[in-house]
Amino acid sequence: MKMNFRDWSIRSKIAILIGTTIFAILLLSGIIFFTYDKRQFELSSLKELNILAEITGNNNTANIIYNSPTEAEEVLEKLKANKNIKLARIYNINYQIFADYVQSPEYTNAYLDFFAKQDTFAFKNKELLVTRPIYLDNEPIGTIFLLSSLDDYAERLENFINIYLLILTAAIVIASFLSLRMQQIISKPIISLTQTMQKISKNKKYDVQIKRRTSKDELGELINGFNDMISQINKQSIALILAKEEAEKSAKVKEEFLANMSHEIRTPMNGIIGMARLLSKTKLNSEQTLYIDNITSSTRNLLVIINDILDFSKIEAGKMKFENIEFDFYDFLNRIELTYKEIAKNKGLYFYINIESNTPKYIFSDPTRLNQVLINLLSNAVKFTEKGGISLNISTPECNDESCTIKFSVSDTGIGISKNNIDLIFNSFSQGSSSMTRKFGGTGLGLTISKQIVNLHGGDIYVESTPGEGSIFYFSLSFKKGTGNIAVLENDFDVDVSFEHIDTKSINILLAEDNEINQLFVKKLLSPKFNIDIVSNGIEALHTLKSKKIDLILMDLHMPEMDGYEATRKIRESDNEKIKTIPIIALTAAAIKDEKEKCINTGMNFYISKPFEPESLFNVIGRALKSVQSDDNTISKPELKKNEHEYIDLTYLDSISENDTKFKKELIEIFVKQVPELKSQLYQHFNDQNYQSLSAIAHKAKSTMALMGIETLRSEMEWLEINAKNESNTDRYKDILENFETIINLALYEVKNLNI
């Protein structure tokens, strides 16, 4: 098993600490010395070569004046005595080669491009290059070029490394000796202390003492303090054993009492509920029905209180049992949503659940206890909220292949909690204040039980609240991810959605979905009415469209190989008009506005978020199939209206909104909000010459322009997307952006004056 450094023994830590310190010092010293020595060698070599160049140049002034290249070469030939000089050239006043010396043929044409009219030098490829002007009476008459190798430095470096390794070896030996000496002084008493502590922990006996030290250092104080502490613990241990025996007797009496009370109360309560149900099935007048409903409601409320008390007693006794089973988390949340939407609606409140897109569909946990926590929090939120509403937000801050941390957040717009009472609400049998108990009722155990359940799962519940504005209760738990291999219950979906005069059995629906459980679920929903084809990714969907007539596509967004977005784009770009215009319904687990906008901009016609109710799916399909022709069973195109505007064309927007004014307004609001951001981003990436990002923004703008029918800008954004991606025709970008700004301002004026 891999151990962290902090888990190593003190003996090892001391040895590593001393060794690491010495090694670090030597390494740093070696680097500094190496850098300094290398720099000094280079300066020395440069100085020597400059002197040699000056001497050689001076020796050739007469040869240059009298145009004697042969004599100049004889002078250069004397450089052979210096084995490091590989190449020497003399240039005349016209910068032409006058004479040269080449030690080996490989340097014959080397560095012909390295030439300057003034003093210069360079280190290249482990070689030093120098040029110096040749003067006569302070007038330049030519230039000398010398090339010297730095081979001597390789030998110098090898000697340095050998000496450094010798010093390092000696340092390691010294470090080992020092660490052994330090271990005798430091680690030995600490090891003795550790062994004694382990012995106490194992035997649970506190009458053990360590031999006291006479030294006044920290170790002496530690051991002497440990002995005093053990003596005190030994005394307290005896008292605790006696107190524990008394507490166990008391807890046993309490447990027996609660068990008896549970039996004595729940048995007649179940009888009352059962008889009330039987009575409700008999012939009753309205007054009697009201009485029966009140009896049933009262008994259920009383059972909730009894269950809370029993759960509380189980937790206190440490007997709360938890399951760890795999379940469909989305279906779990869907049932909560169905319940609380109705409860909130009856009170005039809104209720919704937001699920982050990366939240796993299947997890391992105890769904009953998780449901209990959420029900307690949501019930409190509904109870203490008179206007506005409640939301349950699910996010996934951390996730890997095996597990996810899921954050649950319940927000309400209720009465809130004062700062003085926030610390009290999780106490047993407590509410925010006594007036709350009188007004709203309850035992005050719901939050206590919820907190303790979350604590037992390794988390904690937190609350943020402002009196008069509302509260937020939130907690995070870690869950193992499931595989979806769970039993599927056979359900009879009694869904009665009218499809008017459509012959549904002649309608072919293609479901693109990679999750087998979702495939089975949708197939069971739709197969009684429609012909269903199922594929697992976008590539298979495109193949199916080529080989079979499809009237409607249900498109999952996240699939392997090709996702729903890419598949939709390819369908909308198809040369086949029938394939190109097939209605597409997006199926997504991310119920957020940005996701909906992205679906519409990609070319999808409708949108439904998972988990969805069967009725909701049938209603969306019904809207999509409204214009099915009765004869050939193909989807008819929406009738085009004459455009009433100069820059915008709402034909496409009208076709996808299907007279849903609210939906239409929402898309227009998104357009108005998005356009300034798009304009700013286009100019920013253009000015930064970040053409790849410019292409990406142009792609996004293209879809937005298509939504509002601004065809001129749509085609220009499409051109900009392609060209910016290839970084071609960049001289036209500025004109396109200026035209975009002009037309979009006029289009926004038309949009803002729409009468919708």
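Before reading on, note that the structure itself is shown above.
I will try to describe carefully the structure that is included in this document. Model, not experiment: these values are computed from the prediction.

Another aspect to go through is the state of the cysteines. One covalent bond between the sulfur atoms of two cysteine residues makes up a disulfide. Tallying each qualifying case throughout the model produces one disulfide. Here Cys399 engages in a disulfide with Cys404; their sulfurs sit 1.8 Å apart.

It is worth spelling out a nonpolar patch on the surface at this point. Residues Phe23, Leu27 and Ile31 make up a contiguous nonpolar surface patch of roughly 260 Å² in combined accessible area. Tracing the backbone through its elements, the reader meets Ile31 in helix 1 (residues 10–59).

In this section: the sheet that holds strand 3 (residues 120–124). Strands sit in the order 2-1-5-4-3 across an open sheet of five strands; the sheet is antiparallel. Only two strands of the sheet have a single partner each, and these edge strands are strand 2 (97–102) and strand 3. The sheet shows a mean angle of 15° between the axes of neighbouring strands, direction not considered. Examined bridge by bridge, strand 1 (residues 85–92) and strand 5 (residues 139–149) share seven bridges and lie antiparallel to one another.

With that out of the way, let us pick up the pattern of salt bridges. Enumeration according to the criterion identifies 16 salt bridges in this entry. Between Arg569 and Glu566 there is a salt bridge, and its shortest N-O distance comes to 3.1 Å. Of this pair, Arg569 and Glu566 both sit in helix 14 (residues 564–572), three residues apart, which is roughly one turn of that helix. On the accessibility criterion, Arg569 (25% relative accessible area) is partly exposed. Several salt bridges converge on common partners, so that one network encompasses Lys38, Arg39 and Glu42.

Interaxial distance between helix 19 (residues 661–687) and helix 22 (residues 733–752) falls to 11 Å at its minimum, and their mutual angle equals 165°. In this view, helix 19 runs roughly antiparallel relative to helix 22, as classed from their interaxial angle. Two packed elements cross with a definite hand, and for helix 19 against helix 22 that hand is left-handed. In this structure, helix 19 contributes Ile668, Phe671, Val672, Val675, Lys679, Leu682, Tyr683 and Phe686 to the contact, and helix 22 contributes Tyr733, Lys734, Leu737, Glu738, Phe740, Glu741, Ile744, Asn745, Leu748, Val751 and Lys752. Partitioned by chemical class, the residues of the contact of helix 19 with helix 22 number 13 nonpolar, one polar and five charged.

Examined against the element boundaries, Ser192 turns out to sit in helix 4 (residues 151–203). For the pair Ser192 and Ile223, spaced 31 residues apart in the sequence, the C-alpha separation amounts to 9.5 Å.

With that out of the way, let us pick up the nonpolar core. Counting 41 residues, the largest nonpolar core has Phe329, Leu370, Ile394, Phe408, Phe473 and Phe475 as the members making the most contacts within it. Residue assignment for this core shows that the elements contributing at least two residues are helix 7 (329–346), strand 7 (350–355), helix 8 (367–383), strand 9 (389–399), strand 10 (403–412), helix 11 (446–456), strand 11 (461–466) and strand 12 (470–481). Discounting residues that sit within four places of it in the chain, Leu370 has contacts with Phe327, Phe329, Phe332, Phe408, Phe475 and Phe479. Membership of the second largest hydrophobic core comes to 35 residues, among which are Leu653, Ile697, Val751 and Leu754.

What counts, and where the lines are drawn
- Residues numbered from 1 in each chain as written.
- Predicted model: local features only at pLDDT ≥ 70, side-chain atom pairs only at ≥ 80, totals over all residues.
- Heavy atoms only, no water.
- Disulfide = S-S within 2.5 Å.
- Patch = residues over 30% accessible without salt bridge, like charges linked within 9 Å, V, L, I, M, F, W, Y side chains within 5 Å.
- Areas by Shrake-Rupley, 256 points an atom, 1.4 Å probe, with all protein chains shown as cover.
- Salt bridge = Lys/Arg side-chain N within 4 Å of Asp/Glu carboxyl O.
- Helix = DSSP H or I, 4+ residues; strand = E, 2+ residues; numbered from the N terminus.
- Pairing = 2+ DSSP bridges.
- Axes fitted to C-alpha atoms, helices over the stretch in contact; angles between N-to-C directions.
- Buried < 20%, exposed > 50% of the residue type's maximum accessible area, 1.4 Å probe, protein only.
- Parallel < 35°, antiparallel > 145°, perpendicular 65-115°, else oblique.
- Left-handed = near helix turned anticlockwise from the far one by under 90°.
- Contact = heavy atoms within 4.5 Å.
- Nonpolar A, V, L, I, M, F, W, Y, C, P; charged D, E, K, R; others polar.
- Core = buried A, V, L, I, M, F, W, Y, C linked by side-chain atoms within 4.5 Å.

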